[in-house]
Amino acid sequence: MIDYEALFKISYGLYIVCSGSKEKGNGYISNTVFQVTAEPPRFATCCNKENHTVGYIRSSGAFSVSVLREDAGPLTIGTFGYKSGKETDKLKGMQVRYGETGVPIVLTDAIAFLEFRVTETIDVGTHLMFIGELIHSEILDDLAEPLTYLYYRKVKKGAAPKNAPTYIDKSKLVKTSPQQAYSKYECPACGYIYDEAKEGVKFDDLPDDWVCPVCGEEKSEFIKL
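Just so you know, these numbers come straight off a predicted model, no measurement behind them.

Asks: Looking at this structure, I do not really get the overall build of the chain. What am I missing?
Replies: Each helix and strand in the chain was counted, giving four helices and twelve strands. Across the 225 residues of the chain, 44% fall into the buried class. Residue pairs at least 24 apart in sequence account for 63% of intrachain contacts in the chain once pairs closer than 6 positions are excluded. Summing over all exposed atoms, the chain offers an accessible surface of approximately 12,200 Å²; the carbon and sulfur share of this is 51%.

Structure, rendered in structure tokens:
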């Protein structure tokens, strides 16, 4: 038996992993960035094989990691966590620097960043694990707290996107709530609440192509509260 709630007890940070060049780049929200050796300092990150960023990391042989601040805005999380780089230029409108390897580094809502050259790639099934040697890092804000996955779930009421290593199908989680004449539905990307009582329209009556007015997340991903 697997109690999927137990998986939420594992601690993670939340980061933006980017790769590419000044001509074209992409990034995604990751909660699997961790140090694997001390000298030389090497880190690992996992990327879904279907993620648009995989191709950029493989072709450039490098990637950057931006450490998100605890109060990171819904636009940043929604853009890098729930939109596809195949359809959206995620870097447009963001504050971006280009590193020693030429990869983009997202500074928006970041308190620090690190830049890596890939030394090894490991196939772990649905994802590729990239091992990178640290070549540069900087602190941007020494006072702000880093965003953790626990804080994101409990305070921001967010959930992992489908391509994340920690994604859990919500049908596997048991959730009960009292019956109400009106219900509320939450966007897992940015935390926006659709309140039927305030909107005057039942959530189920919204068109199938309706999306979150804040971040553009699809209706089908909303969670009933």
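Asks: Help me understand unusual backbone geometry, please; the structure alone is not making it clear to me.
Replies: Phi is mostly negative for residues that are not glycine, and the peptide bonds are mostly trans. In this chain, Glu39 is followed by Pro40 through a cis amide linkage whose omega measures 0°. Among the structural elements, Pro40 can be located in the loop between strand 3 (33–37) and strand 4 (42–48). We note that Asp109 has phi near 60°; this positive angle belongs to a residue other than glycine. Along the polypeptide, Asp109 turns up in the loop between strand 7 (104–106) and strand 8 (110–123).

Asks: When you look at the nonpolar core in this model, what are you seeing that I'm missing?
Replies: Nonpolar side chains in soluble globular proteins tend to be buried together. Membership of the largest hydrophobic core comes to 26 residues, with the highest contact counts inside it found for Phe80 and Phe222. Listed by contribution, the elements that provide at least two residues to this core are strand 1 (15–20), helix 2 (74–82) and helix 3 (149–154). Counting residues per element, this core draws most heavily on helix 2, at three residues. When neighbours within four sequence positions are excluded, Phe80 is seen to be in contact with Ile16, Cys18, Gly27, Tyr28, Ile29, Lys90, Leu91, Met94 and Val106. Membership of the second largest hydrophobic core comes to 18 residues, among which are Val17, Val33, Val54 and Phe130.

Asks: How should the sheet that holds strand 8 be read in this particular structure?
Replies: Hydrogen bonds between backbone groups are what pair the strands of a sheet, and the pairing can be parallel or antiparallel. In spatial order, the strands read 2-1-5-8-9-4-3; together these seven strands make up an open sheet with antiparallel pairing. Strands at the two margins of the open sheet, each flanked by one partner only, are strand 2 (25–30) and strand 3. Strand-to-strand, the axes of this sheet are offset by a mean angle of 35°, without reference to chain direction. The strands that helix 2 touches are strand 1, strand 2 and strand 5 (62–68); relative to strand 2, the one it contacts most, it runs at about 105°.

Cut-offs applied
- Residues numbered from 1 in each chain as written.
- Predicted model: local features only at pLDDT ≥ 70, side-chain atom pairs only at ≥ 80, totals over all residues.
- Heavy atoms only, no water.
- Helix = DSSP H or I, 4+ residues; strand = E, 2+ residues; numbered from the N terminus.
- Buried < 20%, exposed > 50% of the residue type's maximum accessible area, 1.4 Å probe, protein only.
- Contact = heavy atoms within 4.5 Å.
- Areas by Shrake-Rupley, 256 points an atom, 1.4 Å probe, with all protein chains shown as cover.
- Core = buried A, V, L, I, M, F, W, Y, C linked by side-chain atoms within 4.5 Å.
- Pairing = 2+ DSSP bridges.
- Axes fitted to C-alpha atoms, helices over the stretch in contact; angles between N-to-C directions.

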